[in-house]
Structure formats: structure tokens, C-alpha cells
Amino acid sequence: MPPNFLNQGKKHQSFTAVILPQKGQSDASPPGLIVSNVYGSNGFKVHFMDKQIPSLDSRSLPPRIERLRELAYNLWWSWHEEAQDLYCALDPLLWEETEHNPVALLRRIDTDKLEAAVTDVAYLANYDKVFRTFDFYMGESDTWFATTYPDIKTHTIAYFSTEFGLHESLPLYAGGLGVLSGDHTKEASDLGLPFVGVGLLYHMGYFTQKINADGWQEDIYSELDPDNRPIKPVLLPDGQPAQVSLDLGTLQITSKLWKVQVGRVPIYLLDTDLESSDPDLTNDIPRLYGGSHLTRLLQEILLGVGGVKALRFLDINPQIWHMNEGHSSFLTLELIREHVVEGMSVEQAANTVKNNTVFTTHTPVPAGLDMFDVDLITPYFQPLWEEIGISREQFIDFGRQDIGWGEKFSMPRLALQLSGLRNGVSELHGQVSRDLFQSVWPDRKIDEVPIFHITNGVHARTWLAPQMISLFDRYIGRDWIYYMDDPSLWDALDAIPDQVLWSTRQEIKIDLLRFLRYQARVRWAAGETTPAHIAWSGTLFHHDVLTIGFARRFATYKRATLIFHDFERLREIVRSAERPVQFVFAGKAHPQDHGGKMLIQELCRRALDPQLAGRIAFLEDYDMNVARYLVRGVDVWLNNPRRPREASGTSGQKAALNGIPNLSILDGWWAEGFNGHNGWAIGNSHAFWAEHEEDRADAEAFYEVLEKEVIPLYYQRTDDDLPQAWLTKVREAVKSAIPYFSTRRMVKEYAQRMYVPSIRQREQTDRELWIT
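Here's what I pulled together on the structure shown here.

Calculation notes
- Residues numbered from 1 in each chain as written.
- Predicted model: local features only at pLDDT ≥ 70, side-chain atom pairs only at ≥ 80, totals over all residues.
- Heavy atoms only, no water.
- Pairing = 2+ DSSP bridges.
- Helix = DSSP H or I, 4+ residues; strand = E, 2+ residues; numbered from the N terminus.
- Axes fitted to C-alpha atoms, helices over the stretch in contact; angles between N-to-C directions.
- Buried < 20%, exposed > 50% of the residue type's maximum accessible area, 1.4 Å probe, protein only.
- Parallel < 35°, antiparallel > 145°, perpendicular 65-115°, else oblique.
- Left-handed = near helix turned anticlockwise from the far one by under 90°.
- Contact = heavy atoms within 4.5 Å.
- Nonpolar A, V, L, I, M, F, W, Y, C, P; charged D, E, K, R; others polar.
- Patch = residues over 30% accessible without salt bridge, like charges linked within 9 Å, V, L, I, M, F, W, Y side chains within 5 Å.
- Areas by Shrake-Rupley, 256 points an atom, 1.4 Å probe, with all protein chains shown as cover.
- Salt bridge = Lys/Arg side-chain N within 4 Å of Asp/Glu carboxyl O.
- Phe/Tyr/Trp six-rings, centres within 6.5 Å; stacked < 30°, edge-to-face > 60°.
- Lys NZ or Arg CZ within 6 Å of the ring centre and 35° of its normal.

Attention now moves to the sheet that holds strand β15 (residues 371-373). Pairing within the open sheet is antiparallel, and its three strands lie in the order β15-β17-β16. The sheet is open, and its two edges are formed by β15 and β16 (400-402), each paired on a single side. Taking the axes of each pair of neighbouring strands and ignoring which way they run, one obtains an average angle of 45° across the sheet. In the sheet, β16 pairs with strand β17 (residues 407-410) via three bridges, with the strands oriented antiparallel. From the neighbouring strand, arginine 400 faces β17, where its bridge partner is phenylalanine 409.

Bringing the environment of glutamate 568 into the picture now. Relative to the assigned elements, glutamate 568 resides in helix α20 (residues 567-574). Take glutamate 568: its relative accessible area is 42%, and that puts it in the partly exposed class. Residues glutamate 568 and leucine 612, spaced 44 residues apart in sequence, show a C-alpha to C-alpha distance of 9.7 Å.

Below, the discussion takes up the packing of helix α10 (residues 331-341) against helix α11 (residues 346-356). For the pair α10 and α11, interaxial distance at closest approach is 9 Å and the crossing angle is 130°. Comparing the axis directions of α10 and α11 gives the class oblique. α10 and α11 meet at a crossing whose hand is right-handed. Note on element contacts: α11 touches α10 through Val346, Ala349, Ala350, Thr352 and Val353, opposite Thr332, Leu335, Ile336, His339 and Val340. A per-class count over the contact of α10 with α11 returns seven nonpolar, three polar and no charged.

Pairing analysis gives three bridges linking β15 to β17, with the strands arranged antiparallel. Bridge assignment links phenylalanine 372 to a residue of β17, and that residue is phenylalanine 409. Taken together, β16 and the strand that follows it, β17, pair antiparallel across an intervening segment of four residues, in which glycine 404 is found at a positive phi of about 95°.

What follows deals with a nonpolar patch on the surface. On the surface, Phe136, Tyr482 and Tyr483 cluster together into a nonpolar patch covering about 380 Å² of accessible area. Along the polypeptide, phenylalanine 136 turns up in helix α6 (residues 121-139). A relative accessible area of 52% means that phenylalanine 136 is categorised as exposed.

Cis geometry marks the peptide bond from arginine 643 to proline 644; its omega dihedral reads 5°. Within the secondary structure layout, proline 644 lies in the loop between β23 (636-639) and α23 (650-657). With phi around 60°, histidine 100 is a residue other than glycine that occupies positive phi space. Its location among the elements puts histidine 100 in the loop between α3 (92-97) and α4 (102-108). Of note in this structure, aspartate 721 is not a glycine but carries a positive phi near 65°. By the element assignment, aspartate 721 lies in the loop between α25 (691-715) and α26 (724-741).

Attention now goes to the pattern of salt bridges. Here the structure, examined in full by the defined rule, presents 53 salt bridges. Glutamate 334 serves as the salt-bridge partner of arginine 337, at 2.8 Å between the closest nitrogen and oxygen. Taken together, the residues arginine 337 and glutamate 334, both in helix α10 and three residues apart, mark about one turn of the helix. Aspartate 511 is the partner of arginine 514 in a salt bridge, and the nearest nitrogen-oxygen pair spans 3.8 Å. In this pair, arginine 514 and aspartate 511 are both assigned in helix α18 (residues 498-525), three residues apart and thus about one turn of the helix distant.

Scanning the model with the defined rule gives 39 aromatic pairs in all. Over the face of the ring belonging to tyrosine 73 we find lysine 232, whose NZ or CZ atom lies 4.6 Å from the ring centre. The ring of tyrosine 714 is capped by arginine 717, whose NZ or CZ atom sits 5.5 Å from the centre of that ring.

Interpretation note: all reported values are geometric properties and have no functional meaning in isolation.
Structure follows, in C-alpha cells:
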């Protein structure tokens with residue numbers, strides 16, 4: 001597939017923007033137009049309009065390629081390049097305009113292009129090959145889970161997450177948590193777990209980022225049209241939409257259900273565009289991470305309580321309930337209510353729920369814990385506590401958290417108290433979590449707190465560059481994908497000739513640089529670019545220069561601007577005549593994080609400084625597509641958070657899969673992933689009392705390792721102009737990443753340490769109850 005650098009960053013290129021009337025004026029859309037709302041940070045409400053086009057269900061496709069419609073609604077295509085090629089080949093420009101969205105492409109494509117494909121022998125051969133692979137995958141019965149645990153292969157595992165990052169065409173994610181959920185789901189499909197996901201359909205997902213000429217982040221919210229996305233409504237036999245209703249005392253809401261198919265795994269989403277008894281109260285619920293604490297509370301009630309009701313409505317009765325972070329932990333209260341209605345006491349119901357529920361925490365600091373004012377939460381749960389026969393105070397006890405100056409209702413505490421197994425997402429984060437949540441078990445020492453760790457991983461086929469996959473196919477064998485968690489398999493990397501490996505890495509890097517330039521060109525053509533944008537867009541980058549990448553959420557503790565701590569030293573590094581360095585950054589600050597936005601602004605302003613010679617770039621609107629280019633194309637991956645505030649940090653794992661060494665603080669996954677040969681550590685595990693001392697020490701360590709180790713190694717060449725010693729690092733990065741830090745290992749570990757033990761415990765409990 002050709003590089004996806006056409007039209008990126010221009011979300012609505014084919015549309016006409018119209019400023020609509022404000023209060024008291026008509027908000028009606030002209031007839032015959034599809035309308036998508038956009039809310040800018042300046043408060044203006046903008047509509048983007050395109051000619052009316054039919055839904056994909058009503059679009060006629062040539063019978064010979066009719067199954068393109070079916071595949072468009074299964075995200076299996078998102079991690080199979082050859083499947084994406086089927087859509088791209090029909091109309092490459094439209095494929096880019098639609099942000100690699102097969103549903104949108106098939107709705108808009110000209111009929112003559114579909115007819116041309118039917119007469120293209122090569123296209124049809126690829127079509128048939130892809131569908132043979134797809135049909136085998138979907139029909140496979142001897143999956144890893146089915147063959148390893150044949151007696152429980154139909155015991156359903158329900159996975160609840162507030163975000164799912166599956167692909168940029170379905171923007172239901174804000175960052176790492178959502179992408180981790182998406183990777184977890186894809187791997188569950190690959191391994192054949194009896195898995196079902198539950199989440200929310202946000203009509204205004206995470207914002208589109210625009211950087212103005214002053215370097216300030218502007219947050220643009222656009223309304224998602226489900227008909228134009230790889231998602232389908234759940235329908236009743238009579239064709240009416242399936243709905244779930246919640247009685248929340250002073251508020252009644254009804255939500256439609258949607259389904260996303262991810263390989264073999266369905267994800268059911270509750271629609272945030274609600275029917276509500278108080279529309280003003282629920283107006284902001286469709287926005288991901290937007291609105292007030294009340295909005296967040298209602299979203300989490302919809303996810304947790306509504307999610308359980310949705311599965312029951314669909315006649316899906318999970319044996320295990322997995323809460324990915326505390327956002328969904330209200331599901332435990334709904335399960336208790338169900339058991340009490342069936343005749344259990346509250347204590348019995350709580351114990352039963354605990355045996356059937358597992359919890360993953362991703363939070364490394366108290367400030368990140370999800371908590372609500374008690375008076376905010378109680379009005380919506382009064383019907384529940386009255387139904388199960390407990391008092392208001394007993395209800396609050398489920399999540400009561402003393403914060404020193406009062407009490408809150410803590411979602412993580414609720415999850416911890418009503419789950420049987422609990423984990424952090426790296427070895428270090430497991431230690432941090434035991435300390436953070438020790439108050440839940442005050443009679444235990446910190447090292448006895450029942451929270452272990454399962455280190456995060458990444459879905460290999462999603463994040464590997466196609467060129468690296470081809471390399472593995474050639475030198476390891478096409479079946480490597482089935483055995484990737486076997487470390488001995490990767491010894492075969494040593495058989496790849498240096499010239500082949502280096503040229504492959506350079507080809508991928510050139511793809512990144514083309515992407516940077518095309519982004520700038522598209523903005524320029526659209527009249528959105530100033531000279532400042534050109535200066536920080538990476539257009540002056542060169543493929544022969546050591547390129548270091550940094551991409552993640554712009555939060556202050558992640559210290560994106562640490563490299564500027566000693567400006568003169570950095571200037572000498574980037575301007576070196578013989579061994580220069582260039583840095584590319586990407587990431588979004590939370591809309592309410594003023595400090596994070598200031599970091600972006602500082603970085604962009606620094607990039608304009610002529611003394612840095614155009615060697616600093618900021619890539620706008622970080623999403624999964626941008627991330628793929630970065631984690632595949634740079635030479636080194638940089639991560640320098642304040643330790644130990646990085647729970648895992650999977651972006652570095654994605655880079656390592658592609659043979660990119662990490663240069664990182666020993667935090668998150670790198671604290672266990674660094675082996676001395678696969679990258680470099682910045683500093684050590686020393687703890688600092690003052691942040692300015694930590695910044696000074698870590699900046700010094702960064703410059704030291706960069707100047708004395710990273711740069712010399714990269715530019716060291718053999719007689720045939722190959723960086724042989726560098727390529728040893730490249731091979732070791734892959735060898736140490738894929739078998740240990742892919743979701744193949746991770747999901748197997750979840751099965752072995754959480755899902756299967758919980759299922760066995762439930763079976764044992766059921767047998768004991770039957771005997772008594």
C-alpha cells in the first residue's frame with residue numbers, strides 16, 4: 001500500500017464551512033445535505049456540508065465484489081494491509097480523503113470505478129486472496145484459547161472500557177488507554193478468546209488539534225455521523241433500534257445500541273446521544289472527556305450500569321467481567337442489584353460479584369484517580385440502594401474515600417473492593433499501585449496488597465510497518481505471526497543482511513519525511529499555513545540525519561521540553577556539521593490542561609529559533625495514523641517522564657517492534673524492558689525531592705548519553721557505509737520487544753492469570769452451592 005500521506009490533517013477537505021446563526025436564529029440545515037457539526041474553541045458553531053449520498057446499506061455494488069460491503073464493517077481490515085489495499089486501489093485519493101474509512105469510501109466512490117475493478121484481473125485475484133484469508137480467520141475453530149482451554153471456550157469474558165482506539169476512522173479514543181483497549185480486543189480476536197467489548201459511542205469524540213501561528217493549541221470538535229463509520233446499529237426483529245433504559249431517580253435516560261465487529265470479537269456501544277427526561281442535563285454526554293464532573297458521572301453510569309443492561313438485553317451472560325480502569329466500575333453495583341433481586345443477601349451478592357470480576361488500574365498518581373462528590377452521585381443511585389435494601393451510608397461505603405478535607409466516592413476503590421483479581425500495567429506500576437491503594441487493605445503491608453502486574457503490550461500487526469512484516473516473512477517465515485511470543489524465533493533476525501535491514505529502515509524513514517512534507521503542503525494549499533507552520537512542520541528534515549521522535553499526551557509530568565534545559569548544548573547538538581540531530585514531536589494536551597498547552601506553545605516557538613536550524617518539528621493532530629508514521633519511521637524513541645508517573649508507555653513498545661531503540665527514563669515498561677543492548681537509559685532510578693533537581697539531573701543525563709553513545713553509534717560506519725553496530729541495536733530492539741511486549745504475550749497472561757482462574761473459581765463456587 002502506498003504511504004498514507006495524502007490529505008492528512010485536513011479533516012474536511014471536500015466540505016464547505018458555514019458559520020451558522022446563533023441564539024434566536026434558524027439552525028436548520030439546507031435540504032438535501034448531510035451536515036456535521038464542528039465546535040471550535042472560539043465558540044463558533046460550524047457546519048460542514050456535502051451532497052446527499054445514500055447509506056452503504058442502500059448502495060448497489062457489483063455482485064463480483066459485493067463482499068467489500070461486509071468487510072467494511074469488520075475492523076479486521078485495520079490490521080491487514082492487503083485488505084486495506086482492496087479499498088485503496090479503487091480510488092487512492094478518495095481513500096485518503098475519507099481517512100482510510102472503507103464505509104465512507106464505498107458510499108462516495110463513482111460507480112465506474114467499481115465497474116472497472118470487476119474487469120481488473122489483478123484486482124480480482126487480490127480480492128479473492130483476501131477473502132480466503134478472512135473466511136479462514138473467521139471460521140477457525142482451533143484457536144489458541146479453544147485448544148488450550150477447550151472446556152471453557154464458550155465462557156464469555158466482558159471487557160468494559162470508556163475508550164476503544166481501533167482505527168482513526170472510528171475516533172472513540174483520546175490516547176493510550178483507548179489504544180490499549182483496541183489492541184487488547186484485536187489480540188483477543190486473534191487468540192480466539194470468547195470476548196465481548198462494551199463502551200460508549202461518542203458523537204463528539206476527542207478533538208481535532210489545530211496549532212495557530214502563535215503555537216497555541218485550538219480544540220475543534222466535530223460531530224460523528226455513525227452512518228459514515230464502520231459501525232452498525234443493533235436492530236430488533238421488526239427493524240427498530242435496540243434500546244436500553246435507565247431509571248436514575250431524578251433522571252431517566254434511554255440509549256440506542258451499536259455494534260463494532262473487530263475480527264471475531266463484537267464491541268457493543270451505548271449511544272451517548274440520549275433520549276433524556278432532562279436534555280439540558282445530558283447535553284454534554286456525547287463529548288469524550290468534555291463537560292463537567294456531572295457529565296463524566298453520567299457517562300460512567302451509562303457505561304457501567306447501562307453496559308450490563310445492554311448485555312442482558314442481548315442475551316449475553318458473561319462469566320467474567322473485566323473493568324479496564326475504574327470508569328466502568330458502576331457495573332459491580334448493577335450486578336449486586338441483579339443478585340439481590342434473585343434472592344441473595346447484599347453480602348452474598350457482593351462476594352459473588354467479586355469472584356466474577358477483575359480490574360486493571362492504569363493510574364500511577366493520586367491526582368489521576370476518578371472520584372466524585374458524594375452529594376453529586378447519590379441522587380442517581382437512590383433507586384438502587386432502596387431496591388437492594390441498604391442505607392445511603394452503606395451505599396457510599398462501596399466507594400468511600402477520605403481525601404483529608406472530606407470524602408469522595410472513588411471509582412477505583414469501588415472496583416478494588418468488588419473485584420477478585422487486580423493488576424497494574426507494568427512491574428514498576430504494580431509496586432506504585434500497591435502503595436497508592438494500600439488504604440483499601442489497611443491491615444496489610446504494602447508488599448502484601450493484592451495487586452500484581454501484567455505489563456502492557458501492543459498489537460504487532462497494527463503497529464509494524466509493512467516493510468518490516470515483509471522482512472519477517474522473508475527471513476523468519478510467514479508463520480511467525482503465530483509464534484511471535486517465542487523468544488528463540490527472533491534469533492533468525494541475525495540472518496538478515498546488514499544492507500537489507502538498513503535499506504528497509506531507511507525506506508520507512510523516508511515515508512515519514514514524505515508524510516511531514518505532505519501535511520505541510522496540504523495545509524498550505526488550504527490557506528491554513530503561515531511561515532511559522534512551515535518552519536515547525538519538519539519540511540527541512542533530511543533522511544540522512546539522526547531523527548529522534550517523541551509522541552504522547554502533552555502533560556507537564558511527561559516533560560516534552562526537557563531537551564531545551566540547556567539551550568546552548570542542544571544548539572550544538574542539532575547544528576553539528578558532521579553529526580546533526582533532528583527531533584519530531586507530536587501530541588495533544590487535554591482541552592482543560594493549560595500547562596500542557598503551554599508546553600506545545602513553547603516547543604513550537606523554540607522550533608522557530610534560527611539557531612536550531614529547522615531541526616525541531618511538531619506534527620499537528622496526533623492520532624493513530626500519525627502515530628503509525630512516527631513509531632515506524634524515526635531512528636530513536638524518546639521518553640522522559642517524571643519517574644514513576646508513567647504507568648506503562650506503550651508508544652516505546654510500538655517503536656521497538658519496528659527496530660527503533662528507546663532512549664528513556666527507567667519508568668513504565670522500560671524499567672523492565674531495558675537490557676543494556678536494546679537502547680539507552682536516561683539516568684537511573686534515583687528519587688528526587690525537588691522537581692527542579694530532577695529536571696537538571698535528567699537533562700544532564702540525556703545530553704550525556706546522546707552525545708557520548710547515541711550519536712557516535714548512529715554515525716559510525718563500516719567501509720561499505722553501513723552502521724553495523726547500530727544495526728545490532730536495531731535487531732536487539734525487535735528481539736526484546738515482540739516476544740515480551742506484544743499483546744500476544746499480554747493477552748495470554750490475562751487469560752492465564754485472571755480470566756481462567758476466575759472462571760475456575762466460579763465453577764468451584766457453583767459446585768459448592770449445588771451440593772449445599
